[in-house]
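The residues making up each chain are set out below.
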Amino acid sequence: MVKKAASDIQKNVSLTPAEWHLMECLWEQVPRTSREVVDYLKADMGWSKSTTLTMLRRMTEKGLIRCEEGGEVRLYSPLVAREDALLQETEDFLSRVYKGSVGMLMSTLTKRQNLSREEIRELYAILEEAERKS
């Protein structure tokens, strides 16, 4: 297995849907043994052991996760923070679908969704914080 150092941690990375599932497993509990990852993804996604082990190997090679070997046990940890992956995914979506327009995104969401008073308050708070920062 390829080992990645902390300095190799990626910030801007796009994950495939399958990679998201595996990363969610690792973000939920760090670290996890290969057995734990296999069991989790079998129960959650119906993946076979070979599929999961292949994904672990590929994602380690891509620098998305770290593998630490200790005897017969391999421990896996994410090298991408959930927040960084979410931000990248959101930026990609916003750029691709809304041509970078946050206003157009919010307009679409508010037209299609019945927002609760609490959600509206949260949005105001987010906008007020953004205004303070600018």
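Every chain is numbered independently, its residues counted from 1 as its sequence is written. Side-chain atom pairs in this predicted model are given and counted only at pLDDT of 80 or more, local residue features only at pLDDT of at least 70, and totals for whole chains, interfaces and linings cover all residues. The side-chain values count all of the structure's non-hydrogen atoms but skip hydrogen atoms and water molecules.

The next thing to look at is the pattern of salt bridges. When a carboxyl oxygen of Asp or Glu is within 4 Å of a side-chain nitrogen of Lys or Arg, the pair counts as a salt bridge. In total, this model carries seven salt bridges according to the counting rule given. The partner of Glu 24 in a salt bridge is Arg 82, and the shortest N-O contact between them spans 2.8 Å. Taken together, the positions of Glu 24 in helix 1 (residues 17-28) and Arg 82 in helix 4 (residues 82-98) put the pair 58 residues apart, joining distant regions of the chain. By relative accessible area, which is 31% here, Arg 82 ends up partly exposed. Secondary structure follows DSSP: runs of H or I at least 4 residues long count as helices, runs of E at least 2 residues long count as strands, and numbering of each begins at the N terminus. Whether a residue is buried, partly exposed or exposed follows from its accessible area with a 1.4 Å probe, protein chains only, as a fraction of its type maximum: under 20%, in between, or over 50%, in that order.

To continue, consider the packing of aromatic side chains. Any two of the Phe, Tyr and Trp rings considered here, Trp counted by its six-membered ring, make a pair once their centres fall within 6.5 Å; the pair's planes then place it as stacked at under 30 degrees, edge-to-face at over 60, or tilted in between. One pass over the full model with this rule turns up two aromatic pairs. Relative to Trp 27, the ring of Trp 20 has its centre 5.5 Å away and its plane inclined at 70°; by these criteria the two rings are edge-to-face. When the centroid spacing of 5.8 Å and the interplanar angle of 70° are considered together, the rings of Phe 93 and Tyr 98 count as edge-to-face. Take Tyr 98: its relative accessible area is 11%, and that puts it in the buried class.

It is worth spelling out the nonpolar core at this point. Side chains of a nonpolar character, in soluble globular proteins, are inclined to be buried together. Joining through side-chain atoms within 4.5 Å is the link that ties buried Ala, Val, Leu, Ile, Met, Phe, Trp, Tyr and Cys residues into a set, and such a set is a nonpolar core. Membership of the largest hydrophobic core comes to 21 residues, with the highest contact counts inside it found for Leu 15, Leu 22, Met 23, Val 37, Met 59 and Ile 65. Elements represented by at least two residues in this core include exactly helix 1, helix 2 (34-45), helix 3 (49-61) and strand 2 (65-70). Among the elements that line this core, the one with the most residues is helix 1, at six residues. Only heavy atoms enter the contact rule, under which two residues are in contact if any of them lie within 4.5 Å. Those residues within four positions of Leu 22 in sequence are excluded, and the remaining contacts are Val 37, Leu 41, Trp 47, Thr 52, Met 55, Leu 56, Met 59 and Ile 65.

Here we take up the sheet that holds strand 1 (residues 32-33). Pairing within the open sheet is antiparallel, and its three strands lie in the order 1-3-2. Lying at the two open borders of the sheet, with one neighbouring strand each, are strand 1 and strand 2. Pairing between two strands requires that DSSP report at least two bridges joining them. Two strands pair when backbone bridges link them, and strand 1 and strand 3 (residues 73-78) are joined in this way by two bridges, in the antiparallel orientation. Residue pairing for strand 3: Thr 33 is matched across the bridge by Leu 75. What counts as an axis is a line fitted to C-alpha atoms, over the stretch in contact for a helix, and the angles between N-to-C directions run from 0 to 180 degrees. Of the strands in this sheet, strand 1, strand 2 and strand 3 are in contact with helix 1, which crosses strand 3 at around 100°.

The residue after Val 30, namely Pro 31, is reached through a cis peptide bond having omega -15°. Phi is positive for Lys 99, close to 50°, though the residue is something other than glycine. Its place among the elements puts Lys 99 in the loop between helix 4 and helix 5 (102-112).

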